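Structural overview
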Amino acid sequence: MTLPEIAPPTCGPPESVLVVGASAGGLTTAEALRRKGFEGRITLLGDEPHLPYDRPPLSKQVLSGAWEPARARLRPEPALRALDADLVLGDPAVALDAANRTVWTESGRVLGADEIVIATGVQARVFPGQPDLSGVHVIRTLDDAVALRTELATARRLVVVGDGVLGAEVAATGRGLGLDVTLAGPQSVPMESQFGAWAGARLGELHTEQGVTLRLGTGVRELAAEAGRVVGVLLESGEQLPADVVVVAIGGVPATGWLVGSGLTCENGVVCDAMCRAADGIYAVGDVARWRHQGLGALLRLENRTNATEQAVAVAANILGADQPYVPVPYFWTDQYDVKVMVHGLVPAGAEIEVVEGDPAARRFVALCRTDGVARGVLGWNMPKQTRLHRQRVADALALAPAG
Amino acid sequence: MKVIVEEDKCCGAGTCVLVAPDVFDQRDEDGIVVLLDEAPGPDQHDAVREAVSVCPAAAIGLIES
Ligand SMILES: Cc1cc2nc3c(=O)[nH]c(=O)nc-3n(C[C@H](O)[C@H](O)[C@H](O)COP(=O)(O)OP(=O)(O)OC[C@H]3O[C@@H](n4cnc5c(N)ncnc54)[C@H](O)[C@@H]3O)c2cc1C
């Protein structure tokens, strides 16, 4: 694939910035611009009606009912006001003219700016026909989480389709609510692609111990329905799992539909250079951005919370002329039952695992993941601080890698 | 400047410690934030504002005076 050839900005600092997407990535971009001294106009445009809120609690505290939805707000209102940005909510961007830096919205607004930041995240993937069925849920937005919580209150049997991080978290929260939970997915252990086979197997044991029925290593053929309502999930193996409620957590699709005809390259996200620039004066941050990670020498798109904010800080600096590549150490965490697992870096398939702290039998450990003797990731299980203290090994290896 | 942390929101990522190590630390047992200095001096203000903004759990608040 050819990468966009973009000349570095030549004129002075911009007078106005438009950020599309008013969540973790978008809001942090605006905050970082102000912190770095930008005094021009900032417009923050979002399609959701809610004040900016955070997503990680949705599958955890909001779904369990431990938090009222308002607790998931990203900032208190005074902090939003202090930002001195035009916050335009409930109005989706429907088109972008990249060359003229103009965005059109569904309600008919036409917004122009010197620089535009795309922070529209991803949308939940669904099965064909799924939106027409009742009893089937995704969990991406606050409204999704509240709708699912409401239905789970009267359900008994929950089937979760998808063995990634979201599916595993929803299964754990569902057990906490006392539901009869089955987790189904094609990998041999849950979260294998993020954790690798070794730690994924430990996660599988944890779920089994907590009473979740695992149906792994087999795909889903279809959702079974009667009279417009889901009644179960039919697996490729032929088995049918009966369900009162089904959660489909099979990944996300970058929210780039509104960029058709914009002139930008969108292939599994908005394709950007190492500075996170998609075109002259256009940047992307967060889940939607697929940029060239110079340490890995490859295009990378990360769907995790710290990437959204770190990339936002990097993009704000570049808008103001820093011209610095964005070269993060990837990071994510997940909370399931009383376990917190985190990864700094990545766990490549087939990595060699060495426990460097703690003891897996005691359920507290840090494991270093290497390929060809090089530290690629550090995975921690209920040892957040100690895991962070090994992060530098991964950072050093990334810095040594040839810039691609 | 006064810093406030909400322990029950904290996710233990340690992002604040990477950004402002003189102001934040983490508990050894569960990684939850420890506030080392609740009224940091002016030399720390930029770092603390960044920590507030990039905290992946939105668990740090500020009262700017
Ligand atoms: C339930 C859940 C749990 C998670 N848990 C964790 C976790 O434990 N750890 C972790 O590291 N990560 C977690 N994540 C991932 C993390 O939340 C995301 O990486 C992060 O939210 C990405 O931020 P973003 O701003 O790039 O995108 P988003 O948060 O998706 O925000 C994009 C915003 O843009 C809006 N938008 C889309 N299209 C348009 C348009 N055309 N016009 C205007 N606005 C638009 C969207 O509605 C949304 O409000 C979780 C995600 C979910 C959904």
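For every chain, the first residue of its written sequence is number 1, and the numbers climb from 1 along that sequence. Throughout, the order in which chains and ligands are written sets their labels, letters from A for the former and numbers from 1 for the latter. Predicted model: local features are reported for residues with pLDDT of at least 70 only, side-chain atom pairs are reported and counted for 80 or more only, and whole-chain, interface and lining totals are derived from all residues. Hydrogen atoms and water are omitted, and side-chain values are computed over all heavy atoms in the structure.

Turning our eyes to something else, we now look at the site of the ligand. Residue and element names in this part refer to chain A. Throughout this document, a residue counts as near a molecule or strand when at least one of its heavy atoms sits within 4 Å of that molecule or strand. Inspection of the region around the ligand gives 32 residues, with Asp47, Glu48, Arg55, Lys60 and Arg140 positioned closest. With respect to the ligand, the side chain of glutamate 48 contributes an N or O atom lying 2.6 Å from an oxygen atom. Two N or O atoms form a polar contact when they lie within 3.5 Å of each other; inside protein one atom must be a possible hydrogen donor and the other a possible acceptor, and for residues adjacent in sequence the pair counts only when both atoms belong to side chains. In the model, an oxygen atom of the ligand is placed 2.6 Å from a nitrogen or oxygen of the lysine 60 side chain. Per-residue and other accessible areas follow the Shrake-Rupley method at a 1.4 Å probe size, with only the shown protein chains counted as cover for residues. Taken by itself the ligand offers 1,000 Å² of open surface, and the protein chains cover 94% of this. Sorting the residues of the shell around the ligand by element identifies helix H1 (24-35), helix H5 (165-176), helix H7 (305-319) and strand S23 (331-336) as the ones contributing at least two each. Of the residues assigned to the shell around the ligand, the class counts are 14 nonpolar, nine polar and nine charged. For the purposes of this entry, the term helix denotes a DSSP run of H or I that reaches at least four residues, the term strand denotes a run of E that reaches at least two, and both are numbered from the N terminus. Gly is placed with the polar residues, together with every amino acid not listed as nonpolar (Ala, Val, Leu, Ile, Met, Phe, Trp, Tyr, Cys and Pro) or charged (Asp, Glu, Lys and Arg).

Residues and elements named next belong to chain A. In this scheme Phe, Tyr and Trp rings, the latter by its six-membered ring, pair at centre separations within 6.5 Å, and the angle between planes marks the pair as stacked below 30 degrees, edge-to-face above 60, and tilted otherwise. Overall, the coordinates contain four aromatic pairs over all chains when judged by the stated rule. When the ring of phenylalanine 195 is compared with that of phenylalanine 332, the centres are 6.1 Å apart and the planes differ by 20°; the resulting orientation is stacked. A residue pair is termed long-range when its members are at least 10 positions apart, and phenylalanine 195 in helix H6 (residues 192-209) and phenylalanine 332 in strand S23 qualify at 137 residues. Of the two residues examined, phenylalanine 195 and phenylalanine 332, each falls in the buried class. Measuring from ring centre to ring centre gives 5.7 Å for phenylalanine 365 and tryptophan 381, while their planes differ by 15°; the resulting arrangement is stacked. Of this pair, phenylalanine 365 sits in strand S26 (residues 364-371) while tryptophan 381 sits in strand S27 (residues 374-381), placing them 16 residues apart in sequence. Just as phenylalanine 365 is buried, tryptophan 381 falls in that class too. With a 1.4 Å probe rolled over the protein chains alone, any residue whose accessible area is under 20% of its type maximum counts as buried; one over 50% counts as exposed, and the rest are partly exposed.

Another point: unusual backbone geometry. Residues other than glycine seldom take positive phi values, yet arginine 363 of chain A does so here, at roughly 60°. On the secondary structure map, arginine 363 of chain A appears in the loop between strand S25 (352-359) and S26. The exposure class of arginine 363 of chain A is partly exposed, given its relative accessible area of 39%. Positive phi, close to 50°, is recorded for alanine 58 of chain B, a residue that is not glycine. Counting through the fold element by element, alanine 58 of chain B comes out in the loop between helix H2 (45-54) and strand S4 (60-63). We classify alanine 58 of chain B as buried; its relative accessible area is 9%.

Below, the discussion takes up the sheet that holds strand S15 (residues 240-242) of chain A. Residues and elements named next belong to chain A. When DSSP locates at least two bridges between a pair of strands, those strands are taken to pair. If you walk across this open sheet you meet the three strands as S13-S14-S15, and the pairing is antiparallel. Each having just a single partner strand, strand S13 (220-226) and S15 make up the two edges of the open sheet. Taken over all neighbouring pairs, the strand axes of this sheet differ in orientation by 30° on average, direction set aside. Each axis is a line fitted through C-alpha atoms, taken for helices only over the stretch in contact, and angles between the N-to-C directions span 0 to 180 degrees.

This next bit is on the pattern of salt bridges. Side chains bearing opposite charge may pair, as long as their charged atoms lie close to each other. Here, a salt bridge means any side-chain nitrogen of Lys or Arg that lies within 4 Å of a carboxyl oxygen of Asp or Glu. Counted under the stated rule, the structure contains 28 salt bridges over all chains. The residue arginine 75 of chain A makes a salt bridge to glutamate 31 of chain A at a minimum N-O spacing of 2.6 Å. Linking arginine 75 of chain A in the loop between helix H2 (61-64) and helix H3 (77-82) with glutamate 31 of chain A in helix H1, this pair joins segments that are 44 residues apart in sequence. For the salt bridge of lysine 60 of chain A with glutamate 169 of chain A, the shortest nitrogen-to-oxygen distance reads 3.1 Å. Taken as a pair, lysine 60 of chain A in the loop between strand S2 (41-45) and H2 and glutamate 169 of chain A in helix H5 lie far apart in primary sequence, 109 residues in all. The pair lysine 60 of chain A / glutamate 169 of chain A is uniform in exposure class, with both members buried. It is possible to trace a salt-bridge network through shared partners that takes in Glu7, Arg27, Glu29 and Asp30 of chain B.

We call two residues contacting when some pair of their heavy atoms lies within 4.5 Å. Chain A puts 25 residues into the contact, and the matching count from chain B is 27 residues. Linking chain A with chain B are four salt bridges, by the criterion used here. Here aspartate 28 of chain B ties to lysine 385 of chain A by a salt bridge, and the two come within 3.2 Å at their closest N and O atoms. Summed over the shared surface of chain A and chain B, the result is 14 residue pairs in polar contact (both at pLDDT 80 or more). Classifying every residue of the side of chain A that touches chain B by side-chain character gives six nonpolar, seven polar and 12 charged.

What follows concerns the packing of H1 of chain A against H2 of chain B. Where H1 of chain A contacts H2 of chain B, the axes come no closer than 10 Å and their chain directions differ by 170°. Comparing their axes, H2 of chain B and H1 of chain A come out roughly antiparallel. Of H2 of chain B, the residues touching H1 of chain A (which contributes Thr28, Glu31 and Arg35 of chain A) are Asp46, Arg49, Glu50, Ser53 and Val54 of chain B. Taken together, the residues of the contact of H1 of chain A with H2 of chain B break down into one nonpolar, two polar and five charged. Throughout this description, any angle smaller than 35 degrees is read as roughly parallel, any larger than 145 degrees as roughly antiparallel, any in the 65 to 115 degree range as roughly perpendicular, and the remainder as oblique.

Attention shifts here to the domain arrangement of chain A. Residue and element names in this part refer to chain A. Residue ranges for the domains trace back to a domain assignment, done automatically or taken from a database. By the assigned domains, chain A splits into domain 1 (16-123 + 253-319), domain 2 (126-250) and domain 3 (338-400). For domain 1 versus domain 2, the distance between C-alpha centres works out to 29 Å. Across the boundary between the two partners, domain 1 contributes 15 residues, which contact 15 residues of domain 2. Counting each side, the surface lost to burial between domain 1 and domain 2 is near 1,400 Å², with a carbon and sulfur contribution of 62%. Summed over both partners, the accessible surface that disappears when two parts come together, traced with a 1.4 Å probe, is what is meant by buried area. Of all residues in domain 1, Leu58, Ser59 and Leu63 bury the most surface against domain 2, accounting for 40% of the area lost on that side. Run the count over domain 1 and domain 2 and you get two salt bridges. The tally of links between domain 1 and domain 2 comes to nine residue pairs in polar contact (both at pLDDT 80 or more). Of the residues in the side of domain 1 that touches domain 2, the class split is seven nonpolar, four polar and four charged.

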